[in-house]
Amino acid sequence: MKVTPLERDLTYYIETFGCQMNEHDSEVLAGMLESIGYLPADTPGEADLILLNTCAVRQKPEQKVYALLGKLRPLKERNPALVIAVAGCMPQQEGTPRDLARRFDFIDLILGTHALPHLPRLLEEARERDKPLIDTGEYELSRSGLPVRRASHFKAWLNVIYGCNNYCSYCVVPYVRGRERSRTKEDIMKEATGLARAGYREITLLGQNVNSYGQDLYGPRGYAFADLLLDLNQVEALSRIRFLTSHPKDLSTRLIQAVGEGERACEHFHLPVQSGSNRLLKEMNRRYSRVRYLELVAEIKETIPGVALTTDLIVGYPGEREEDFLQTLDLVERARFDSAFAFLYSPRAGTRAALKKDSLPQEEKKKRLQEIFKLQNRISLEINRALVGQTLELLVEGTSRRDPRMQSGRSRSNKLVHFPADQELAGRLVEVPVAEAYTWHLVGESPRGGS
Ligand code: SAH
Ligand code: SF4
């Protein structure tokens, strides 16, 4: 890609919605902007370019984008030179770019997920027009080699596979992110070793379904995610390797063993179950049963001591009956997740589930959601209480936002721990004994050692 400096001293502000994939895409968008001379602005009000990196997975994040665009109108009226761009998953949906351009005629540029590497060129083109420039084309472009402005100096996101082939009945992701495309192992190893050399201690491998990594490139019996994890485990300067997200239908014994064996692979699986009802799992096209899921949970817990397990749940899927919901509660009780994200089902245009009759009253759905939260919170607290007295290795994120005398860090199992320290320890690994347990975090004593 040709990158020509445009002007100096222009500033940008990026607001990111949605998942870790989007967080990382925003780091790439920022990297590209800085490569053409933009500098980061602290607030949208000071910026010459405001870019919204959007999420389409549920209605809520979309509504937030619409609300924010409404607030940007006066900024644009005051400063017509301000450039406003909307990127990411929302524009990649059919009809949305036109709708955005109609409702917010001051938007300059609308770009989908595939057009991301073209941002510099599109910005230049958008300047010459009075109507918004829309690019939602599907390019077969490698993102490797694009500049990245990482938010952290010690932990980094790393894409291993883009897109999703699964077509869960409720989900818009395959439509807005396209088919599965793995990056080559050489590309990934190169990026990981580069990060390690630059002082990064933790990498998080990203994919909608990391478990199907490699199949499109190396075949169903070829180089797989477990192989990649074991190869990355050889990068000595790295301390920790995380990965998100695992689809239960593709989670192999080899991968569970690789996490158990690889000393850098962190003891944490995010394994979205969505529902505990076989009937709904089938309707959702998840391609596993509740028994199979619980077998996987047992295998993970037996193979990896101290492992943490987290999940996603959807409440109020069209046609969800009381007995389906009770099955979900029962599964939550049996699996004993460390924590769970539970979402109210949100119909997404173009998906199969959106065509289904959804007669359950909103009040009942909300009641069920609260019940899930209550149960899961009890379990999270029980699991956390059992950690009191143990010493956890933490990668320190920095000074606690609530208390300047405390530092905050994450354990290998991804627990948030606050502990007292009289100096800033961001980026350091420390050993901290756990003193108190709460639902969402732990409190530790002063560190016993570290590096
Ligand atoms: N690729 C990941 C998840 C991507 S979306 C996976 O398969 O696990 C993140 C989570 O959002 C999903 O796990 C699901 O729980 C939730 N989600 C997706 N579509 C949804 C919808 N239409 N309504 C409510 N929740 C949804
Ligand atoms: Fe969506 Fe299912 Fe793909 Fe996850 S696996 S991104 S839930 S379609």
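For the structure given in this document, a descriptive report is provided here. Position numbers for residues count from 1 along each chain, tracking the sequence in the order it is written. To read the labels, note that chains go from A and ligands from 1, taken in the order they are written. With the structure being a predicted model, the display of local features is reserved for residues of pLDDT at least 70 and the display and counting of side-chain atom pairs for 80 or more, all residues being used for whole-chain, interface and lining totals. Each side-chain value is derived from all of the structure's non-hydrogen atoms; neither hydrogens nor water enter the calculation.

## So, unusual backbone geometry
Threshold: The way it works is that DSSP assigns letters per residue, a run of H or I at least four long becomes a helix, a run of E at least two long becomes a strand, and they are numbered from the N terminus. Categorising residues by exposure relies on relative accessible area from a 1.4 Å probe, with only protein chains included: less than 20% of the type maximum marks a residue as buried, more than 50% marks it as exposed, and the intermediate range marks it as partly exposed.
Cis geometry is found at the peptide bond from Leu244 to Thr245, where omega equals -5°. By secondary structure assignment, the location of Thr245 is in the loop between strand E11 (240-244) and helix H9 (253-261). A positive phi angle, near 75°, is found at Gln274, a position not held by glycine. Note on Gln274: relative accessible area 8%, which makes it buried. The backbone of Arg287 sits at a positive phi, close to 65°, despite the residue not being glycine. Along the polypeptide, Arg287 turns up in the loop between helix H10 (278-283) and helix H11 (290-303).

## Details of the sheet that holds strand E7 (residues 155-159)
By definition, the strands of a sheet pair up through backbone hydrogen bonds, in either a parallel or an antiparallel sense. Using the following cut-off: Any two strands with at least two DSSP bridges between them are considered paired. Each axis is a line fitted through C-alpha atoms, taken for helices only over the stretch in contact, and angles between the N-to-C directions span 0 to 180 degrees. The contact criterion used is simple: two residues touch if any of their non-hydrogen atoms lie within 4.5 Å.
Pairing is parallel in the open sheet, where 3 strands are placed in the order E7-E10-E11. Each edge of the open sheet is held by one strand with a lone partner, namely E7 and E11. For this sheet, the mean inter-axis angle between neighbouring strands, taken without regard to orientation, is 25°. Here E7 runs beside strand E10 (residues 202-206); their pairing, made up of 5 bridges, is parallel. Across the sheet, residue Leu158 finds its bridge partner in E10, namely Leu205. In this fold helix H1 (residues 20-35) packs onto E7, E10 and E11, with an angle of close to 100° to the strand it touches most, E7.

## A few points about empty space enclosed by the protein
What counts is decided by this rule: Both site types are read off a 1 Å grid over the protein atoms alone. A 1.4 Å probe that fits but cannot get out defines a cavity, while an open set with protein on both sides within 12 Å along at least five of seven lines defines a pocket; lining residues have an atom within 4 Å of a point. Grid points are joined across faces, edges and corners, and a volume is the space filled by probe spheres set on the points. Asp, Glu, Lys and Arg are counted as charged, while Ala, Val, Leu, Ile, Met, Phe, Trp, Tyr, Cys and Pro are counted as nonpolar; the rest, among them Gly, fall into the polar class.
Per the stated rule, a full pass over the model turns up 2 cavities of 30 Å³ or more. Counted as a void, the largest cavity has a volume near 40 Å³. Every residue lining the largest cavity is listed: Asp25, Leu29, Asn53, Ala87, Gly88, Leu111, Gly112, Thr113 and Leu116. Among the secondary structure elements, those contributing two or more residues to the lining of the largest cavity are H1 and strand E4 (83-88). Partitioned by chemical class, the residues of the lining of the largest cavity number 4 nonpolar, 4 polar and 1 charged. Around the second largest cavity, the lining residues are Tyr13, Glu15, Pro44, Ile50, Leu52, Leu68 and Leu72. Mapped onto the lining of the second largest cavity, the elements with two or more residues apiece are strand E1 (11-16), strand E3 (49-54) and helix H2 (59-78). Taken together, the residues of the lining of the second largest cavity sort by class into 6 nonpolar, no polar and 1 charged.

## Concerning the site of ligand 2
Counted only if it meets this: We call a residue near a given molecule or strand whenever any one of its heavy atoms falls within 4 Å of it.
Around ligand 2, the surrounding shell consists of Cys164, Asn166, Tyr167, Cys168, Tyr170, Cys171, Val173, Pro174, Gln208, His247 and Arg286. Taken together, the residues of the shell around ligand 2 break down into 7 nonpolar, 3 polar and 1 charged.

## Some thoughts on the pairing of E4
Using the following cut-off: A clockwise path from the first strand over the helix to the second, with the strands pointing away from the viewer, defines a right-handed crossover.
With respect to burial, E4 is a largely interior element, 6 of its 6 residues being buried. Note: E3 against E4, 6 bridges, orientation parallel. Bridge pairing in E4 links Thr54 to Gly88. After leaving E3, the chain enters H2 and then returns to the sheet as E4, a path that is right-handed. Looking at chain direction, E4 and strand E5 (residues 109-111) are connected through 3 bridges and run parallel. Within E5, the position partnered with Ala85 by the bridge is Leu109.

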